[in-house]
Protein chains: 2
Amino acid sequence: MEIRIYLDEQRQLVEERLARYMLEPIGVFSQHIEAMRYSLFAGGKRIRPILCLAGAAAINSSENTRNLAMPVACAFEFIHTYSLIHDDLPAMDDDDLRRGKPTNHTVFGEAAAILAGDGLLTLAFELVSGPAATGIADKSRLRLIHTIAGAAGSLGMVGGQSLDMIHAGEQIGYDELRHIHQSKTGALITASVVCGGIVAGADEKQERALKAYGDNIGLAFQIVDDLLDIMATTAELGKSAGSDIKSDKVTYPSLFGVETSHTMAKEAVQEAVAALAPFDRQADPLRALAHYIVDRKK
Amino acid sequence: MEIRIYLDEQRQLVEERLARYMLEPIGVFSQHIEAMRYSLFAGGKRIRPILCLAGAAAINSSENTRNLAMPVACAFEFIHTYSLIHDDLPAMDDDDLRRGKPTNHTVFGEAAAILAGDGLLTLAFELVSGPAATGIADKSRLRLIHTIAGAAGSLGMVGGQSLDMIHAGEQIGYDELRHIHQSKTGALITASVVCGGIVAGADEKQERALKAYGDNIGLAFQIVDDLLDIMATTAELGKSAGSDIKSDKVTYPSLFGVETSHTMAKEAVQEAVAALAPFDRQADPLRALAHYIVDRKK
């Protein structure tokens, strides 16, 4: 399959739904809602929602299943966007540029940015528990909410960001690096694939396979992120390149060198694809996404 | 009924459950979890969880129903605590003192405080969607999550805090003041009572009555908060007294004077109690809570 065409199509479908599910900037709360929309519609790659849709398609590639998965897919983008807004804050990574645009707090101020993040996180749960997702069985929706909250929360993404802040500037080893990444970025990526499967009615074995796939592409994704920070330009990335070196951050390339890191990413992708062995051609989008993740340029 | 004995009993039950549902400060995320626990166990009044339990008891005062409502009640305290941590941040209200103790960010730093808030918010949804709440019917749990998210989110508490920040220092009128309070503090208070009712199987008419009760005590609660800021001492409040006047904040007493504000609070309590007319003696805790709210000293 032609991955670029597939990604464009899926991204467009996701954009439409994000626009439908997102609050309109009207009424007394319009300024706050504008701040949320600014970051949500800043042109992200929509990798997590697409992974969610591809995870659902691996079990059942019908349009009906894709439609069922849409609110869940969009909830992941709400959460991802909230995490970027909070991570960019002066008290955290203090970044000025994100997706090629000034970061949320540089445009709206710190208070508004904190609240925009809080609002997007809360909206994710409102979406999956609300009318947009009534097509999914109640029991599955509760499992989805529980899985999303677990991955996004204190033992997942939020905990990972906290570890990252605590160890900033320290010469941590591989175990710690792995732990930070697994929680900070890996958990939500894995959850997006697994939740797609839950929507589509995956059985236990299928869920385990999707989890193994997600864990491996999450690892590959992070290694490639580290490599791109060294090798790409700021214009290509849409965020400040070279910031890891500047901040003396421990990364895969700083621990293992560029070449070994690249090999590690490729091996993780191979393991991800191997985990998909029980699935038929319906999992081809997941297979193509795995390869795309190491080949991407931003 | 003796309100002080009732409040002490209920608070103790809530404390036990909060301790059970809260993450333990062990493992790699222990520092982050310590920051969450610091604010969660800082000796709050636990008004929202108690309102949730009393809302459930108004429909069914059995111990079984109270136990069912416990995870929902505690979710409200997680969310309330997160909102206090974020509101106290330097970029927001910049407060040093809360519940008689240094605020979260003064102890753990801004980044850790932002993440402690994020973690508590996420944990609220994990709790209600997880094993602790399986006794509640799936459909009701989804309604609970949707109600909580709606009240806590961008058209509720988060939106209200955003309005409050935007209008800080401005001479707003009564309509705007009412709007800020309804969203910033009223929505979550109302939701706590209504969600208690949902757990206990309230019918539509009962839910409407609980909502009217909640809206009115929310208003009374806010007016009394404004009055206490003028009249109590910092030692009594556990947070800086007189801060509204210092920051030139528009409040009920600044718009209407102390005496009229007090009358307004009393009238709201009367309306709250009137809304409980359809309920029998099982709603006595709600009635007592309404009176307590205007009579409290902190």
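Residues numbered from 1 in each chain as written. Chains lettered and ligands numbered in written order. Predicted model: local features only at pLDDT ≥ 70, side-chain atom pairs only at ≥ 80, totals over all residues. Heavy atoms only, no water.

1. Things to note about the environment of G186 of chain B
You can see G186 of chain B is positioned in helix α9 (residues 174-199). Considering only alpha carbons, one finds G186 of chain B and T263 of chain B, 77 residues apart in sequence, at a separation of 19 Å. (Helix = DSSP H or I, 4+ residues; strand = E, 2+ residues; numbered from the N terminus.)

2. Describing the relation of the copies chain A and chain B
Mapping chain A onto chain B calls for a rotation angle of 180 degrees and an axial translation of 0.0 Å; the resulting RMSD is 0.0 Å. Overall, the copies show the geometry of a two-fold rotation axis. Relative to the rotation axis, the closest C-alpha in chain A is found at D138 of chain A, a distance of 3.0 Å. When the interface residues of chain A are mapped onto chain B, 100% of them again fall at the interface, so both copies present the same face. (Least-squares fit on C-alpha atoms with pLDDT ≥ 70 in both. Contact = heavy atoms within 4.5 Å.)

3. Concerning the packing of helix α14 (residues 258-275) of chain B against helix α15 (residues 284-295) of chain B
Residues and elements named next belong to chain B. Between α14 and α15, the least distance of the axes is 9 Å, while the angle of their chain directions is 175 degrees. The angle between α14 and α15 places the two elements in the roughly antiparallel class. Where α14 approaches α15, its residues A265, K266, V269 and V273 are matched on the opposing element by R287, A290, H291 and V294. Residues that form the contact of α14 with α15 fall into these classes: five nonpolar, one polar and two charged. (Axes fitted to C-alpha atoms, helices over the stretch in contact; angles between N-to-C directions. Parallel < 35°, antiparallel > 145°, perpendicular 65-115°, else oblique. Nonpolar A, V, L, I, M, F, W, Y, C, P; charged D, E, K, R; others polar.)

4. What about the packing of aromatic side chains?
As enumerated under the stated definition, the model contains nine aromatic pairs over all chains in all. An angle of 80 degrees between the planes, with centres 6.1 Å apart, marks the rings of Y174 of chain A and Y252 of chain A as edge-to-face. Taken together, the residues Y174 of chain A in helix α9 (residues 174-199) and Y252 of chain A in helix α13 (residues 252-256) connect sequence positions 78 residues apart. Judged by relative accessible area, which is 0%, Y252 of chain A ranks as buried. Ring geometry for Y252 of chain B versus F256 of chain B: centroids 6.2 Å apart, planes at 25 degrees, classification stacked. One end of the pair is Y252 of chain B and the other is F256 of chain B, both in helix α13 (residues 252-256) and four residues apart, which spans about a single turn. Here a set of aromatic residues connected by ring pairs shows up, and it is made of Y174, Y252 and F256 of chain A. The ring of F221 of chain B has R296 of chain B sitting right over it, with the charged end atom 4.0 Å from the ring centre. (Phe/Tyr/Trp six-rings, centres within 6.5 Å; stacked < 30°, edge-to-face > 60°. Buried < 20%, exposed > 50% of the residue type's maximum accessible area, 1.4 Å probe, protein only. Lys NZ or Arg CZ within 6 Å of the ring centre and 35° of its normal.)

5. Observations regarding the environment of C52 of chain B
Residue and element names in this part refer to chain B. For C52, the location among the structural elements is in helix α3 (residues 47-59). Taking relative accessible area as the criterion, C52 reaches 0% and is therefore assigned buried. Sequence separation of C52 and V107 is 55 residues, and the distance between their C-alpha atoms is 31 Å. Sequence-distant contacts of C52, that is, excluding residues within four places in its chain, are made with A69, V72, A73, S192, C195 and G196.

6. Focus: a nonpolar patch on the surface
Taken together, I230, M231 and V258 of chain A make up a surface patch of nonpolar side chains, about 260 Å² in accessible area. Structurally, I230 of chain A is set in helix α10 (residues 204-231). (Patch = residues over 30% accessible without salt bridge, like charges linked within 9 Å, V, L, I, M, F, W, Y side chains within 5 Å. Areas by Shrake-Rupley, 256 points an atom, 1.4 Å probe, with all protein chains shown as cover. Salt bridge = Lys/Arg side-chain N within 4 Å of Asp/Glu carboxyl O.)

7. Quick word on the interface of chain A and chain B
Contacts between the two partners involve 47 residues from chain A, matched on the other side by 47 residues from chain B. Around 4100 Å² of area is buried between chain A and chain B when both sides are counted, 75% of it from carbon and sulfur atoms. Summed over the three residues of chain A that lose the most area to chain B, namely F29, L115 and L142 of chain A, the buried surface amounts to 16% of that side. Scanning the region where chain A abuts chain B turns up two salt bridges. Here K139 of chain B and D138 of chain A are joined by a salt bridge, their closest N and O atoms 2.9 Å apart. (Buried area = accessible area lost by both parts, 1.4 Å probe.)

8. Observations regarding unusual backbone geometry
The phi angle at D94 of chain A is positive, at roughly 55 degrees, despite the residue not being glycine. On the secondary structure map, D94 of chain A appears in the loop between α4 (63-88) and β1 (97-98).

9. Overview of the state of the cysteines
Tallied over the full model, the rule gives zero disulfides over all chains. Of all cysteine sulfurs in the structure, the one in C52 of chain B sits closest to C195 of chain B, which takes part in no disulfide; the separation is 6.4 Å. (Disulfide = S-S within 2.5 Å.)

10. So, the environment of I180 of chain B
Residue and element names in this part refer to chain B. Looking at the secondary structure, you find I180 in helix α9. The exposure class assigned to I180 is buried, which follows from its relative accessible area of 3%. Counting along the chain gives 87 residues from I180 to D93, while the straight-line C-alpha distance between them is 15 Å. I180 has contacts with G160, L163, D164, H167, I172 and T185, leaving out every residue within four places of it along the chain.

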